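Chain residues, written in single-letter form:
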Number of protein chains: 2
Amino acid sequence: MYSEGMFLPAQVIQRKRDGRALTEDEIRMFVLGFTRGAIPDYQMAALAMATCFHGMNTEETLWLTRAMVDSGQVIEWPRGGAFCCDKHSTGGIGDKTSLILAPLVASCGVKVPMISGRGLGPTGGTLDKLESIAGFRADLSLAELMRVTERVGCCITGATPELAPADRKLYALRDVTATVSSLPLIVASIMSKKLAENADGLVLDVKWGSGTFMRTREASQELARAMVGVGKRYGKKMVALQTDMNQPLGACIGNALEVREALDILRGEPGAADLQAVTLALAAEMLVMAGAAKDVAVAGEMLHKKLASGEALRKFEEMAAAQGGDVRQELPRAQFVEPVRSSVTGVVQAIACDEIGYAVIVLGGGRKAAGETIDRAVGFERPKKIGEPIEAGEPLLLMHHNDPARAMKAAAMVRQAYAIGPAPAPARPRLICERIV
Amino acid sequence: MYSEGMFLPAQVIQRKRDGRALTEDEIRMFVLGFTRGAIPDYQMAALAMATCFHGMNTEETLWLTRAMVDSGQVIEWPRGGAFCCDKHSTGGIGDKTSLILAPLVASCGVKVPMISGRGLGPTGGTLDKLESIAGFRADLSLAELMRVTERVGCCITGATPELAPADRKLYALRDVTATVSSLPLIVASIMSKKLAENADGLVLDVKWGSGTFMRTREASQELARAMVGVGKRYGKKMVALQTDMNQPLGACIGNALEVREALDILRGEPGAADLQAVTLALAAEMLVMAGAAKDVAVAGEMLHKKLASGEALRKFEEMAAAQGGDVRQELPRAQFVEPVRSSVTGVVQAIACDEIGYAVIVLGGGRKAAGETIDRAVGFERPKKIGEPIEAGEPLLLMHHNDPARAMKAAAMVRQAYAIGPAPAPARPRLICERIV
């Protein structure tokens, strides 16, 4: 009887708690009320938790995303400009593809206005990595973001307060209420920011495995399909690649170390095969989507040329400079570099990849709570990969650290993360598992 | 890895979200942290919602109750005094048993320090009813509560801030986050207040049916068993009666009307058979528990005598006076009394009893939001009960109101609440269904 002509947040929560679908109006009023503070955090927390249990159908997820987009501004890019395309990764360990891909794709004439994030749980953050470069600003205003993108062709910066403010507020709340891992909430969070950014196309890198919050291939496929679905309903070009994250990507984990590895690849060095492959596959999808190449084979050739010619590297330097960064200054280096040695002989059967990420946090290279300062020099290098043989006493990886006490703890975690057993080697995980359009 | 030696509320929420049992420490730190404001409302809201889905086992429920008791003071009654006993009802429509029972049992020499509540949803509140008496104070301090109980033998007042403050705070939060209907939360809420009150025994009236939040007999039995279990673990004497609330109890619904009905029974008038039966059954359990009667038959005789002799009525007047009430002043009366007539002929098959309660709110006799003032004169009288025949044009009940526009809306709700169909009459619901010890 209370509902006649009234919007009662508690009733909306109750409907979701009871497993019923919400209406567009209910979702919209809840999200917009929450954004402007009319609906308190505790009601949003209860709704988010009920959503963890009952989920949302396709329509509800779209409405949630739309309400979050409409909670703020949507960028209006100049008409008639270059095709505008972004890439988003669901996050992993050692994933520095963005650092390479944004300038590389921009050097092919496609506009890449990339809004990126900080480290989250065991996962590194692109902004944290870039801030290893002296002076680099990851807090551009909306006007600066647009200006750098238009002038340089690419830009990597944090979310601005004008874009999807509902997401900023909801994300902070989900983080402290154990409601991060709900599929529709993840979809709406990622897609609302991207839709507010208003690129013409979006390539998704949806990871699965021990280094992600999506522990099964099925769950990450479901996430990929949901995001592609929402993007298409908005008229965006969408492609998702499902990639493996059961072991660190590339040769380095840790902020400055990852920037160094990305710069090596941008200089045209071959680099780690897995990092190279994932980066080029994502970049090729962007070029094809933009109409800059007729297929991924042609796109791949273009990308290789831009790396070899140094154009991609110059684009990175141009972008860094436009964002206040000084690439001539040396990146921070840790005081100590020492191996973490295996205590057993065998073959690497599996890696608890998230534990490697947590070990970086223990070294001081990531945050236990928002706002903590981090040591950008620390991390790991050349981890043994799944299927590789190892002798007792041989290094599992090299540890860069500034504190022997922390290092001892991190080393124990690394040893714990490696499952080493007798041969045969396990089947190598497939790096790019699925293409979802 | 974050958990080493740390208490992280988000991890506790996550454990419950994932269906795992919490430890005593986790529950205790969460409840005490919440009470003193160190754990914010939104984290408690998320935990409460996760608890709606996964429940709590017997141990967890006990720990939750204990933490809530320990969030405040526990009353120390003088040693060697009379047996101290309380009754608690889970709430219904027209349930004024407390008004009769407290003075009646006290007149038999048993101490009854009753902490009661306000109207909640469609359910009336004992304190709201008593405040129909001019000057009656339902906000006694802890010292006053103890003094009135010791001097008069009984007392009916609201929860004081010293007793189970965690419950006060959690209850307000549950009300606005759709987390009221979780069994362990209900158990802990009721039992923490009662255990802080620290009576020697407790008789529970656990209702089921259309006028309650327990729509099935099974759900209310489960609630009764859980509460009895927790009370016994605290060394309390415990009895629960499961009673029917598929139709209003007694002849009146509405604050002053219910006080009038209670006073009639206290004057020794026979009154409505159902109200009489439930009240005496509960009171008899209290006397037997207190050792004041050897069995319920003997207790029943004692109670009848106290009603006939006027001792119970005098005890009520004494209690009211001790709490500032002036029983000589007339109770508020509504301006209009008019029948709500049936539009059809048949037999009352069922009553949506909560709708009758909501109709009282529409008349102004209850609150839509906490803190609203209410019209204590309005309500309903002599409702047709299940199984009674009715002719089109005959009254379903009499409506007391002060506003024809509200009355029209309430009358429509009453008609809607009655399901009238052709004979035969349905099986009469059994009034006292079960005794749980």
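These numbers were taken from a predicted model, which means no experiment stands behind them. (Residues numbered from 1 in each chain as written. Chains lettered and ligands numbered in written order. Predicted model: local features only at pLDDT ≥ 70, side-chain atom pairs only at ≥ 80, totals over all residues. Heavy atoms only, no water.)

1. Brief notes about the confidence of the model for chain A
All names here are of chain A.
Part 1 of the argument: Mean pLDDT for chain A: 94, with 98% of residues reaching 70 or above.
Part 2 of the argument: Confidence drops under pLDDT 50 across residues 1-5; counting only partners more than four residues distant or on other chains, this segment forms 13 contacts.
Part 3 of the argument: If you check the scores for this complex, the pTM reads 0.86 and the ipTM reads 0.83. (pLDDT = per-residue confidence, 0-100. Contact = heavy atoms within 4.5 Å.)

2. With respect to the interface of chain A and chain B
Part 1 of the argument: Contact residues are listed per partner, giving 32 residues for chain A and 32 residues for chain B.
Part 2 of the argument: Taking both partners together, chain A and chain B bury about 2,500 Å²; carbon and sulfur atoms supply 73% of that area.
Part 3 of the argument: The interface formed by chain A and chain B contains zero salt bridges.
Part 4 of the argument: Those elements that place two or more of their residues in the side of chain A that touches chain B are helix 1 (9-17), helix 3 (41-54), helix 8 (165-175), helix 15 (353-363) and helix 16 (404-417) of chain A.
Part 5 of the argument: Residue contributions to the side of chain A that touches chain B peak at 10 residues, all from helix 3 of chain A.
Part 6 of the argument: Residues belonging to the side of chain A that touches chain B are distributed by class as follows: 18 nonpolar, seven polar and seven charged. (Buried area = accessible area lost by both parts, 1.4 Å probe. Salt bridge = Lys/Arg side-chain N within 4 Å of Asp/Glu carboxyl O. Helix = DSSP H or I, 4+ residues; strand = E, 2+ residues; numbered from the N terminus. Nonpolar A, V, L, I, M, F, W, Y, C, P; charged D, E, K, R; others polar.)

3. A few points about the relation of the copies chain A and chain B
Part 1 of the argument: Mapping chain A onto chain B leaves a residual RMSD of 0.0 Å; the transformation is a rotation of 180° accompanied by 0.1 Å of translation along its axis. Those values place the two copies in the arrangement expected of a two-fold rotation axis. Considering only C-alpha atoms, the residue of chain A closest to the rotation axis is A:Tyr42, which sits at 1.9 Å.
Part 2 of the argument: Both copies share a contact surface, since 100% of the interface residues of chain A are interface residues in chain B too. (Least-squares fit on C-alpha atoms with pLDDT ≥ 70 in both.)

4. Here's the deal with helix 2 (residues 24-35) of chain B
Residue and element names in this part refer to chain B.
Part 1 of the argument: The end-to-end C-alpha separation of helix 2 is 16 Å, in line with the 16 Å expected for 12 residues at 1.5 Å each.
Part 2 of the argument: Here helix 2 has its buried residues at Glu26, Ile27, Phe30, Val31, Gly33 and Phe34. All buried residues of helix 2 project into a common sector of 165° when viewed along the axis, lining one side.
Part 3 of the argument: Check the buried side of helix 2 and you find it contacts helix 1 (9-17), helix 3 (41-54), helix 4 (58-70) and helix 8 (165-175).
Part 4 of the argument: The first or second residue beyond helix 2 is Gly37, which carries a positive phi of 90°. (Expected span 1.5 Å × (residues − 1). Buried < 20%, exposed > 50% of the residue type's maximum accessible area, 1.4 Å probe, protein only. Arc of directions from axis to C-beta.)

5. Some remarks on the packing of helix 2 of chain B against helix 8 of chain B
All names here are of chain B.
Part 1 of the argument: For the pair helix 2 and helix 8, the least separation of the axes is 9 Å and the interaxial angle reads 80°. The orientation of helix 2 with respect to helix 8, classified from their angle, is roughly perpendicular. Each of Val31, Phe34 and Thr35 in helix 2 lies in contact with helix 8, whose residues at this interface are Pro165, Ala166, Lys169, Leu170 and Leu173.
Part 2 of the argument: Class assignment for the residues of the contact of helix 2 with helix 8 results in six nonpolar, one polar and one charged. (Axes fitted to C-alpha atoms, helices over the stretch in contact; angles between N-to-C directions. Parallel < 35°, antiparallel > 145°, perpendicular 65-115°, else oblique.)

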